[in-house]
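# Geometric and topological summary
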Amino acid sequence: MTSLIIAGVVAVMAVVAVAVPFLGAAGNDAAIDGPTAAVARRLALIEQRDYVLGALKDLEFDHRTGKVTDEDYRGLVGPLRRQAAEAIQALDAAMQSPTEE
Amino acid sequence: MADLGRAALVVSFGLSVYALVAGGVAAATGQRRLADSARRALIVCFGSTVVASVVLGAALVRHDFTFTYAAAHTSRDLNWMYSLTAFWGGQEGSLLLWLLVLTGYAAIAVSLNRKLLQDLVVWVVPVIGAIATFFSFMLVAVSSPFGTQQRVVDGAGLVPSLQNPYMVAHPPMLYLGYVGLSIPFAFAAGALLSGHTDERWIIATRRWTLVAWMCLGFGQILGSHWAYEEVGWGGYFAWDPVENAALMPWLAATAFLHSVMIQERKGMLRVWNMVLVALSFGLSVFGTFLTRSGVVNSIHSFAKSSIGGWFLGFVVLTTLFSTALIIWRIPLLKARTKLESPLSREAAFLYNNLFLVAFCLTIFWGEIFPILTQIFQGHQSTIGRPYYDFFLRIFGLPLLLLMGIGPLIAWRRTSTRALVKTLRWPIITAVVSGVLLVFAGAGSSTPGLVAYTFSSFVLATIAVELVRGTRATGSLFELVSRNRRRYGGYIVHASIVLLAVGIAGSSVYQTTRDIALAPGQSVTVNGYTMKYVRLQQTQEISQTDSTLVRKAVLELSGRAHGTMLTGQNLSTQLGPSREVGIHTNWLRAEDFYVIFDSTQGNKVLFQIFVKPLVNLIWLAGFVFLLGSFIAMWPDGREQRRLVARLSLART
């Protein structure tokens with residue numbers, strides 16, 4: 001009998017815990033906070049910028065640790081810097097448009 | 001109390017179904033309240049599963065034999081620790097452990113990420129809800145641990161081989177690994193279902209993958225040590241189907257942990273990473289199916305049971321769901337950059353992935369081959385050790401080599417000149433080691449010599465990396481703390497080297513000898529002289545069992561001194577089991593290992609093994625843990641980067 005009473009208490013507590021969000025104020029029923037299409041595009045551009053900046057950082061470190069020779073470094077760093085500038089420009093352009101949020 | 005356990009499981013089942021259905025509706029329609037409610041259901045589900053687990057644990061520790069499960073897996077003479085071990089000693093208990101770990105992990109994962117990844121978590125909840133629904137359904141309707149019976153005087157007891165400290169930790173560790181892979185899978189599925197396949201799901205789940213992978217890896221080392229010490233066949237890994245079942249998801253997760261770095265840095269391999277996450281999870285469920293169903297013969301598997309079909313259905317459903325989801329979202333998973341050179345760090349990671357997955361699939365084929373022959377030919381043909389050993393060499397040795405080359409190749413592209421310059425010290429170290437090893441007699445086995453040489457190469461690359469990195473940053477501490485994942489990874493690489501050296505030493509360079517000795521006779525093997533002194537026999541009688549315990553007393557001289565025991569237990573209830581004698585020579589990391597095989601008149605037939613470097617395998621386990629902890633140590637920068645990206649995108 002004790003077991004069944006405890007089981008009943010567990011079940012009631014479970015129902016109450018699950019029902020709590022429906023007992024709050026009406027304001028809690030806002031839509032789920034997901035990125036809009038514009039925000040998602042910005043996120044993609046931010047990631048793209050970070051890939052290129054990360055690649056530049058890796059190149060510097062690989063050069064300092066001797067994995068990239070001076071000659072290779074000179075050949076690689078220019079295009080990467082250009083890509084970084086392009087990524088930053090693309091992001092800046094996207095930042096001018098509204099996010100609809 | 002069984003009623004309470006049953007009721008708690010019914011509550012868990014109800015909550016899981018709610019998390020699945022309400023969570024799915026909420027995610028599809030964007031209703032925040034319903035989504036919050038479903039998320040809470042998943043958290044509360046953990047609470048009710050804890051209640052069920054406490055009831056079962058208490059029944060086992062108190063030896064409450066009105067519980068059928070307690071009577072089947074414990075006995076009065078079992079101490080509390082091994083009584084609790086019976087929790088995962090049987091099928092029903094281990095299913096409950098699955099659900100407990102799953103809901104525990106889920107409660108933490110959805111709580112931690114509910115704000116930053118709200119749009120993903122709403123989809124994660126129904127995915128985990130679906131997995132929890134399956135397991136709670138099994139526990140409620142198919143294989144309940146809360147069956148009751150008339151109280152009996154004593155229980156059947158726990159199989160003697162399971163009464164070992166390693167068995168206390170090994171199964172839960174494996175479960176933490178198997179089940180832990182559900183979380184990255186759920187987040188990956190959440191990212192695909194929501195259509196938000198940016199990097200956030202990877203950052204949110206990387207540590208979960210690392211935790212699961214670490215537990216799975218360390219759990220296997222613990223299991224190997226148990227097999228070595230307790231099963232008594234002279235080895236530690238037999239390519240047994242159930243051992244393979246744990247190795248396959250570990251290999252797939254290892255591939256994922258490497259390839260995910262390429263996605264984070266380059267935006268490449270995005271489809272491949274989804275495939276690897278799904279494969280890791282699918283293989284962990286498949287492993288559970290193999291262990292539970294009894295479709296393959298294994299010393300570890302449970303007897304043939306009714307749940308195999310259910311699990312097979314779940315594996316098929318999971319595979320179909322993952323495949324359909326990935327195909328549906330392929331347009332969102334296009335690579336953002338290209339592989340620039342086959343001689344780059346990215347390419348090395350890719351080769352590593354191909355070898356890991358090929359090895360994993362080779363093992364998979366070995367696993368399903370008996371099942372397929374049973375279906376199509378009517379008899380079960382098994383694939384033996386030579387098959388697995390062959391592919392271990394084919395894939396394992398190049399992987400070992402790549403572990404050394406990879407860290408020394410630059411990102412994007414490396415010129416041959418730079419590569420040769422970077423690799424010169426590791427190559428010199430490897431060549432010198434190889435020559436010295438040949439002079440030391442290691443040339444008797446080519447794979448062994450190659451494994452040792454490659455191992456010295458990898459250790460040299462790690463040393464070179466640390467020295468150059470320290471020079472570049474000015475401090476070793478600064479170097480490691482700036483990139484814990486990379487340097488933790490190198491420590492894990494060092495553990496794999498220890499493992500490789502230990503495996504090669506103890507397998508291809510081991511000495512074996514079978515000999516029957518009468519009391520007073522001696523034998524010398526590899527400098528160890530073993531004298532068989534006498535046989536001790538005792539009869540242990542309990543209320544339900546009678547066991548003949550035979551122990552041979554041995555005296556060691558030569559390379560080691562002292563006495564040791566090796567024996568055999570013949571239980572009327574639980575059958576025969578062995579107690580092996582092991583003398584460890586710590587200086588050589590070597591074991592003198594003796595099995596009591598049988599008696600022939602007054603003689604005892606002994607199987608003797610001298611296993612060089614075997615203890616490096618166990619040491620590797622601890623080094624692996626250390627490296628894993630460093631790699632997974634929380635890094636606030638990642639979280640801050642994620643927050644900064646989101647706030648910038650929403651500006």
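Residue numbering note: each chain is counted from 1, following its sequence as written. The naming scheme follows written order: chains are lettered A onward, ligands numbered 1 onward. With pLDDT at 70 or above as the cut-off, local features in this predicted model cover only qualifying residues; side-chain atom pairs require 80 or more to be listed or tallied, and sums for whole chains, interfaces and linings still use all residues.

## Concerning the overall build of chain B
Note the threshold: In this text, helices come from DSSP runs of H or I with a minimum length of four residues, and strands from runs of E with a minimum of two, each type numbered from the N-terminal end. For the radius of gyration, the atoms used are the C-alpha atoms, and the globule rule reads 2.2 Å times the number of residues raised to 0.38. Contact between residues is assigned whenever the C-beta positions, reconstructed from backbone atoms, fall within 7 Å.
Helices and strands together make up the secondary structure of chain B, namely 20 helices and nine strands. Since a compact globule built from 651 residues should have a radius of gyration of about 26 Å, the 27 Å found for chain B is in line with a globular shape. In chain B, 73% of the contacts between residues at least 6 apart in sequence involve partners at least 24 apart.

## A closer look at the interface of chain B and chain A
For clarity, the threshold we go by: Gly counts as polar in this scheme, as do all residues outside two lists: the nonpolar Ala, Val, Leu, Ile, Met, Phe, Trp, Tyr, Cys and Pro, and the charged Asp, Glu, Lys and Arg.
On the chain A side, the residues contacting the 50 residues of chain B number 47 residues. Among the secondary structure elements, those contributing two or more residues to the side of chain B that touches chain A are α1 (2–29), α2 (32–61), α6 (118–142), α10 (241–266), α15 (416–439), α16 (446–473) and α20 (636–649) of chain B. Broken down by element, the side of chain B that touches chain A gets its largest block of residues, ten residues, from α2 of chain B. The residue makeup of the side of chain B that touches chain A, split by class, is 20 nonpolar, 13 polar and 17 charged.

## Structural notes on helix α1 (residues 2–23) of chain A
For the record, the criterion: Expected span of a helix, by definition, is 1.5 Å for each gap between consecutive residues, and there is one gap fewer than residues. Throughout, the bend at a residue refers to the angle made by two axes, fitted to the seven residues ending there and to the seven starting there. Comment: burial labels come from other C-beta atoms within 10 Å of the residue's own C-beta, placed from the backbone, where a count of 20 or more is buried, 12 or fewer is exposed, and between is partly exposed.
Along its 22 residues, α1 of chain A runs 30 Å from first to last C-alpha, staying within 8% of the 32 Å computed at 1.5 Å per residue. Where α1 of chain A bends most, at A17 of chain A, the angle is about 30 degrees, and the proline P21 of chain A comes one to four residues later. All buried positions along α1 of chain A are accounted for by A7, V10, A14 and V18 of chain A. Structurally, α1 of chain A contributes buried residues whose contacts are with α1 and α2 of chain B.

## With respect to the sheet that holds strand β9 (residues 603–611) of chain B
All names here are of chain B. Test applied: Whether two strands pair depends on DSSP finding at least two bridges between them. Angles run from 0 to 180 degrees between N-to-C directions of axes, and those axes are lines fitted to C-alpha atoms, restricted for helices to the stretch in contact.
Spatially, β1-β9-β8-β7 is the arrangement adopted by the four strands of the open sheet, whose pairing is antiparallel. In the strand order of this sheet, the two ends are held by β1 (511–517) and β7 (581–585), each with one partner. Geometrically, the sheet is characterised by an average inter-axis angle of 15 degrees between neighbouring strands, direction not taken into account. The sheet contact formed by strand β8 (residues 590–600) and β9 spans nine bridges and is antiparallel. Note on β9: the bridge partner recorded for I595 is Q607.

## Considering the domain arrangement of chain B
Heads up, the rule is: The split into domains, and so the bounds of each, comes from an automatic or database assignment of domains.
Split into domains, chain B comes out as domain 1 (1–163), domain 2 (171–335 + 349–368) and domain 3 (511–611). A C-alpha centroid distance of 39 Å is found between domain 2 of chain B and domain 3 of chain B.

## Notes on helix α8 (residues 182–194) of chain B
Counted at 1.5 Å a residue, the expected span for α8 of chain B with its 13 residues is 18 Å, and the 18 Å between its end C-alpha atoms agrees. Phi turns positive, to about 80 degrees, at G195 of chain B, one or two residues after α8 of chain B.

## As for the confidence of the model for chain B
So the rule is basically this: A score between 0 and 100, pLDDT records how confident the predictor is in each residue.
This prediction gives chain B a mean pLDDT of 89; 98% of its residues lie at or above 70. The ipTM, which scores confidence in the relative placement of chains, is 0.82 for this predicted complex, and the corresponding pTM is 0.91.

## Considering unusual backbone geometry
One non-glycine residue, W239 of chain B, lies in positive phi territory at about 55 degrees. If you trace the backbone, W239 of chain B turns up in the loop between α9 (200–231) and α10.

## Topic: the environment of L616 of chain B
All names here are of chain B. Following the sequence through the fold, L616 ends up in helix α19 (residues 615–632). Overall, L616 belongs to the buried group, with 22 C-beta atoms counted inside 10 Å. For L616 and E590, which are 26 residues apart along the polypeptide, the C-alpha to C-alpha distance reads 8.8 Å. The contact partners of L616, leaving out residues within four places of it in the chain, are L498, V501, G502 and A589.

## Section: the sheet that holds strand β5 (residues 562–571) of chain B
Residues and elements named next belong to chain B. Read from one edge to the other, the open sheet built from five strands follows the order β2-β3-β4-β5-β6, with strand pairing classed as antiparallel. This sheet does not close on itself; its edge strands, each paired only once, are β2 (522–525) and β6 (575–579). For this sheet, the mean angle separating the axes of adjacent strands, direction not counted, is 25 degrees. Across ten bridges, the pairing between strand β4 (residues 546–558) and β5 is antiparallel. Across the sheet, the residue bridging to A552 is T566, located in β5.

## Topic: the nonpolar core
All names here are of chain B. Put simply, the rule reads: Each nonpolar core consists of buried Ala, Val, Leu, Ile, Met, Phe, Trp, Tyr and Cys residues. Their C-beta atoms, within 7 Å, join them into a set.
Core analysis: the biggest nonpolar cluster contains 196 residues, and A19, A38, L42, L102, V124, F135 and A252 have the highest contact counts within it. The greatest single-element share of this core, amounting to 17 residues, is contributed by α9. In this structure, this core is formed jointly by two domains, domain 1 (1–163) and domain 2 (171–335 + 349–368), each of which donates at least three residues. Here L102 is in contact with I131, A132, F135, V179 and S182, once residues within four sequence places are set aside.

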